[in-house]
Amino acid sequence: MADTVLYEVSDGLATITLNRPEAMNALNTELKVAFRDAAQAAASDASVRAVLLTAAGDRAFCVGQDLKEHVGGLLAPRESGAGKGVMSTVNDHYNPIVRALTGAAKPVVAAVNGVAAGAGFGFALAADYRVVADTASFNTSFAGVALTADSGISWTLPRVIGPSRAADLLLFPRSITAQEAFDLGIANRLVPSGELRTEAEKVARALAEGPTLAYAALKESLAYALSHSLEESLEKEDELQTRAGESEDHMIAVQAFVNKEKPKYLGR
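Residues numbered from 1 in each chain as written. Predicted model: local features only at pLDDT ≥ 70, side-chain atom pairs only at ≥ 80, totals over all residues. Heavy atoms only, no water.

*Asks:* Which parts of the structure should I look at to understand the sheet that holds strand 9 (residues 176-177)?
*Replies:* Pairing between the strands of a sheet is mediated by backbone hydrogen bonds and can be parallel or antiparallel. Across the sheet, which stays open at both edges, the four strands sit in the order 4-6-8-9 with mixed pairing between neighbours. Two strands close off the open sheet at either side, each with one partner strand: strand 4 (60-62) and strand 9. The pairing of strand 8 (residues 137-139) with strand 9 spans two bridges and is antiparallel. Of the residues in strand 9, the one forming a bridge with Phe 138 is Ile 176. (Pairing = 2+ DSSP bridges. Helix = DSSP H or I, 4+ residues; strand = E, 2+ residues; numbered from the N terminus.)

*Asks:* Explanation requested: a nonpolar patch on the surface in the structure shown.
*Replies:* The grouping of Leu 67, Met 87, Val 145 and Leu 147 at the surface amounts to a nonpolar patch, some 330 Å² of accessible area in total. As for its position among the elements, Leu 67 is in helix 2 (residues 67-74). Taking relative accessible area as the criterion, Leu 67 reaches 45% and is therefore assigned partly exposed. (Patch = residues over 30% accessible without salt bridge, like charges linked within 9 Å, V, L, I, M, F, W, Y side chains within 5 Å. Areas by Shrake-Rupley, 256 points an atom, 1.4 Å probe, with all protein chains shown as cover. Salt bridge = Lys/Arg side-chain N within 4 Å of Asp/Glu carboxyl O. Buried < 20%, exposed > 50% of the residue type's maximum accessible area, 1.4 Å probe, protein only.)

*Asks:* How should I be thinking about the packing of helix 5 (residues 119-126) against helix 6 (residues 153-161) in this particular structure?
*Replies:* Packed helices, taken two at a time, are described by their axes: the angle between them and the distance between them. Running from N to C, helix 5 and helix 6 point in directions that differ by 60°, and their axes come no closer than 9 Å. When the axis of helix 5 is compared with that of helix 6, the two are oblique. Once helix 5 is placed against helix 6, the crossing between them reads as left-handed. For the pair formed by helix 5 and helix 6, the contact residues are Phe 121, Gly 122 and Leu 125 on the first element and Ile 153, Thr 156, Leu 157 and Val 160 on the second. Considered class by class, the residues forming the contact of helix 5 with helix 6 number five nonpolar, two polar and no charged. (Axes fitted to C-alpha atoms, helices over the stretch in contact; angles between N-to-C directions. Parallel < 35°, antiparallel > 145°, perpendicular 65-115°, else oblique. Left-handed = near helix turned anticlockwise from the far one by under 90°. Contact = heavy atoms within 4.5 Å. Nonpolar A, V, L, I, M, F, W, Y, C, P; charged D, E, K, R; others polar.)

Below you can see the structure in the form of structure tokens.
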């Protein structure tokens with residue numbers, strides 16, 4: 001992986017760190033490619049049982065697209081084709097990142113340490129659980145630069161806060177404080193900034209030691225139910241519960257319950 005993204009796997013936990021703190025972790029091409037590759041690696045690695053997405057520095061989680069690089073591409077001579085290539089980043093980078101995070105058969109935790117704007121906000125929403133520093137903030141930003149939603153935010157944001165509030169934040173971009181984000185349900189857990197990394201790692205490692213197949217089934221069930229009827233969702237629950245009931249982890253959990261012990265899951 002490039003230095004703009006750090007990737008480490010330890011005891012079943014993959015940690016992806018956005019690492020351009022001097023640029024508030026803005027998404028230049030190098031970072032986007034490395035982030036995409038790291039997210040896909042974590043999603044496909046069977047030894048990884050949870051993912052922690054974090055960022056270097058104390059000012060920003062990710063402020064979205066690197067606008068200096070973006071402007072350079074837009075102003076490039078049209079005959080070079082560079083201007084068209086600027087907008088291909090949604091298909092080439094953003095969409096694969098969101099698919100990897102949301103589609104991973106394991107829980108993804110985002111540790112939001114500062115500003116999360118534009119695609120940075122979208123990537124935080126693509127995680128299953130968000131631990132947020134009390135100094136962090138969120139901003140959709142897109143309409144402020146005459147762009148529409150990307151990074152999955154048109155799908156994730158209304159599902160987290162409802163379509164009416166999502167429309168408000170997208171049409172009228174503004175900075176949302178960490179407390180407001182918690183009140184809206186964007187932040188699952190709000191912690192003092194100095195405790196963010198410790199608390200986020202604690203959450204992620206607890207998930208990495210948990211019943212991975214059950215977590216994957218829960219992710220699939222929640223995503224399915226959002227776009228299907230009750231009857232279809234009941235059928236999906238039956239399918240997924242049957243699969244979970246046949247797992248080694250379910251047997252481990254039952255035996256541990258009978259023996260009054262803490263289960264030690266294997267993730268299979």
